[in-house]
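Structure at a glance
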Amino acid sequence: MVETAISQQTGFAHLTDLPCIKLQYGTASAVVSLYGAQVLSYQPQPGKELLWLSPKAQWHNQTAIRGGVPVCWPWFGPAGAVFNPAQDALPNHGLVRNRLWQLIQQHSGPTAASVTLMTELDNLPYYSGSVKLQLCLTLTDSLSIALSCSSQMPQQAALHSYFALDNIANAAVRPLPDSYYDKVSDSMQQNSSKVVRITSETDRIYPDSAAQLRMDSDSSQLALTQTGHDATVVWNPWQEKSAATADLAADSYRQFICVETARLSSAAATLALTQQIKAL
Ligand code: TA6
């Protein structure tokens, strides 16, 4: 029988005072921070880390943690007009990356270890009423991250996963649609190869992307299964932006690729977005 466990821990990596929860399923483990409900580690086997955390990540002074799986909600990127009727200065990627979430449920049994974190907001700039957002993390022979909100309202969301690499030069993500919005050049682009490799700053939104993706690198092959999304985002800041970003080191861009499961429609709807990560 597989042994499972859930425990509270203070600190992860150099973030020594960060409140976290560790899940174990046999020899697999995952760590999630209560700050941002951000998954920081997933090791399908001891020592085989699939997620990347910046050595310069911070969590004090309202800073979002750079790495792991940030939760972007209720908007993605800068707040669009729907989310920001008063045109205030609002943070990139929403309001929940720098809040402490509550642990509301945990279960460890022979088939899985799982926890549910929740945060409640009653002061959204564009919606009156109280809104609950939940993140459910389930560890089995894969890690499943599910973000949900039952309020019918405009809400964008992304699971902004940073995957660890030995070298960005050898990473490939497939299959991705031919057509994408390129944020770097602010234009629609076409690429019929289906495979994305990173050779310069990359910030792409692929609408209508598949439910099943594969990420290959020197040290890992991952199957990514996504549901509830209407886009996949692929991001790497490359050299210049890596050096210019306070919580990245100059060579950080070599060490990760973001493959993000996103719902970017701003039509009023409930939310159920999942990304499952499985080492092949
Ligand atoms: O998902 C890609 C992106 O939106 C990029 O444009 C880049 O800025 C990145 O996310 C990181 O955003 P952050 O707010 O975490 O610095």
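One can find the structure itself at the top, above this paragraph.
Below, the structure is looked at part by part. All figures in this text were calculated on a predicted structure; none of them were measured in a lab.

Here is what the cut-offs are and how they apply
Residues numbered from 1 in each chain as written. Predicted model: local features only at pLDDT ≥ 70, side-chain atom pairs only at ≥ 80, totals over all residues. Heavy atoms only, no water. Helix = DSSP H or I, 4+ residues; strand = E, 2+ residues; numbered from the N terminus. Rg over C-alpha atoms; globule rule 2.2 N^0.38 Å. Buried < 20%, exposed > 50% of the residue type's maximum accessible area, 1.4 Å probe, protein only. Areas by Shrake-Rupley, 256 points an atom, 1.4 Å probe, with all protein chains shown as cover. Lys, Arg positive; Asp, Glu negative; His and termini not counted. Charge placed at Lys NZ, Arg CZ, Asp CG, Glu CD. Salt bridge = Lys/Arg side-chain N within 4 Å of Asp/Glu carboxyl O. Near = heavy atom within 4 Å. Polar contact = N/O pair within 3.5 Å; in protein donor to acceptor, adjacent residues only side chain to side chain. Contact = heavy atoms within 4.5 Å. Pairing = 2+ DSSP bridges. Axes fitted to C-alpha atoms, helices over the stretch in contact; angles between N-to-C directions. Phe/Tyr/Trp six-rings, centres within 6.5 Å; stacked < 30°, edge-to-face > 60°. Core = buried A, V, L, I, M, F, W, Y, C linked by side-chain atoms within 4.5 Å.

1. Remarks on the overall build of the chain
When its secondary structure is counted, the chain shows one helix and 20 strands. Radius of gyration (C-alpha) of the chain: 18 Å, near the 19 Å computed for a compact globule of 280 residues. With the C-alpha coordinates aligned to their principal axes, the bounding extent of the chain is approximately 50 × 50 × 35 Å. Looking at the chain residue by residue over its 280 residues, the buried ones come to 52%. Carbon and sulfur atoms make up 48% of the accessible area of the chain, which amounts to about 11900 Å² in all. Charge separation in the chain, taken as the distance between the mean sites of 17 positive and 21 negative side-chain charges, equals 3 Å.

2. Some remarks on the pattern of salt bridges
Taken as a whole, this structure holds six salt bridges when the rule is applied. Between Lys278 and Asp141 there is a salt bridge, and its shortest N-O distance comes to 3.6 Å. Here Lys278, found in strand 20 (residues 268–279), pairs with Asp141, found in the loop between strand 8 (131–139) and strand 9 (143–154); they are 137 residues apart in sequence, far enough to count as distant. The exposure class assigned to Lys278 is partly exposed, which follows from its relative accessible area of 29%.

3. Observations regarding the site of the ligand
What surrounds the ligand is the set Arg66, Phe76, Asn92, His93, Arg97, His160, Lys183, Asp203, Val233, Trp235 and Glu260. Within the contact set of the ligand, an oxygen atom lies 3.2 Å away from a side-chain nitrogen or oxygen of Lys183. Contact with the protein chains covers 81% of the free accessible surface of the ligand, which is 390 Å².

4. Here we look at the environment of Leu124
Its place among the elements puts Leu124 in the loop between strand 7 (112–121) and strand 8. Once the C-alpha coordinates of Leu124 and Leu224 are considered, the two residues, 100 residues apart in sequence, prove to be 31 Å apart. Apart from residues lying up to four places away in sequence, Leu124 is in contact with Trp73, Pro74, Leu95, Val131 and Met153.

5. Comments concerning the sheet that holds strand 3 (residues 28–33)
With antiparallel pairing, four strands are arranged side by side in an open sheet as 1-2-3-4. This sheet does not close on itself; its edge strands, each paired only once, are strand 1 (4–12) and strand 4 (38–43). Strand-to-strand twist across the sheet, computed as the mean angle between neighbouring axes with direction ignored, equals 20°. Sheet analysis places strand 3 next to strand 4, joined by five bridges and oriented antiparallel. Each residue of the ladder has a partner; that of Val31, found in strand 4, is Ser41.

6. Structural notes on the pairing of strand 15 (residues 202–207)
Successive residues of a regular strand alternate their side chains across the two faces of the sheet. When you tally the buried positions in strand 15, you get five out of six residues, the bulk of the element. Note: strand 15 against strand 18 (residues 231–236), six bridges, orientation antiparallel. By the bridge assignment, Arg204 is partnered in strand 18 with Val234.

7. Side note on the packing of aromatic side chains
Enumeration according to the criterion identifies 10 aromatic pairs in this entry. Centre to centre, the rings of Tyr162 and Phe256 are 5.0 Å apart; their planes meet at 50°, and the pair counts as tilted. Here Phe256 lies in strand 19 (residues 256–263) and Tyr162 lies in strand 11 (residues 162–164), a separation of 94 residues in the sequence. For the pair Tyr162 and Phe256, a shared accessibility class is recorded, and that class is buried. Taken together, a centroid distance of 5.9 Å and an interplanar angle of 45° make the contact between Trp235 and Phe256 tilted. Note that Trp235 is positioned in strand 18 and Phe256 in strand 19, a separation of 21 residues in sequence. Comparing Trp235 with Phe256 shows no difference in burial state: the two are buried.

8. A few points about the sheet that holds strand 6 (residues 102–109)
Spatial ordering of the open sheet is given by 6-7-8-9-20-17-16-12, a layout of eight strands whose pairing is antiparallel. Where the open sheet ends on each side, the last strands, each with one partner, are strand 6 and strand 12 (172–174). Ignoring strand direction, the axes of neighbouring strands in this sheet form an average angle of 15°. When strand 8 meets strand 9, the two strands line up antiparallel, connected through six bridges. Bridging across to strand 9, Leu139 finds its partner in Leu143.

9. Focus on the nonpolar core
Of all hydrophobic cores here, the largest spans 61 residues; its most connected members are Trp73, Leu147 and Ile257. Apart from the residues lying within four places of it in its own chain, the contact partners of Ile257 are Ser161, Tyr162, Phe163, Leu165, Ile168, Val173, Ile198, Met215, Val234 and Trp235. Leu15, Cys20, Tyr35 and Leu53 belong to the second-largest nonpolar core, a separate cluster that totals 11 residues.

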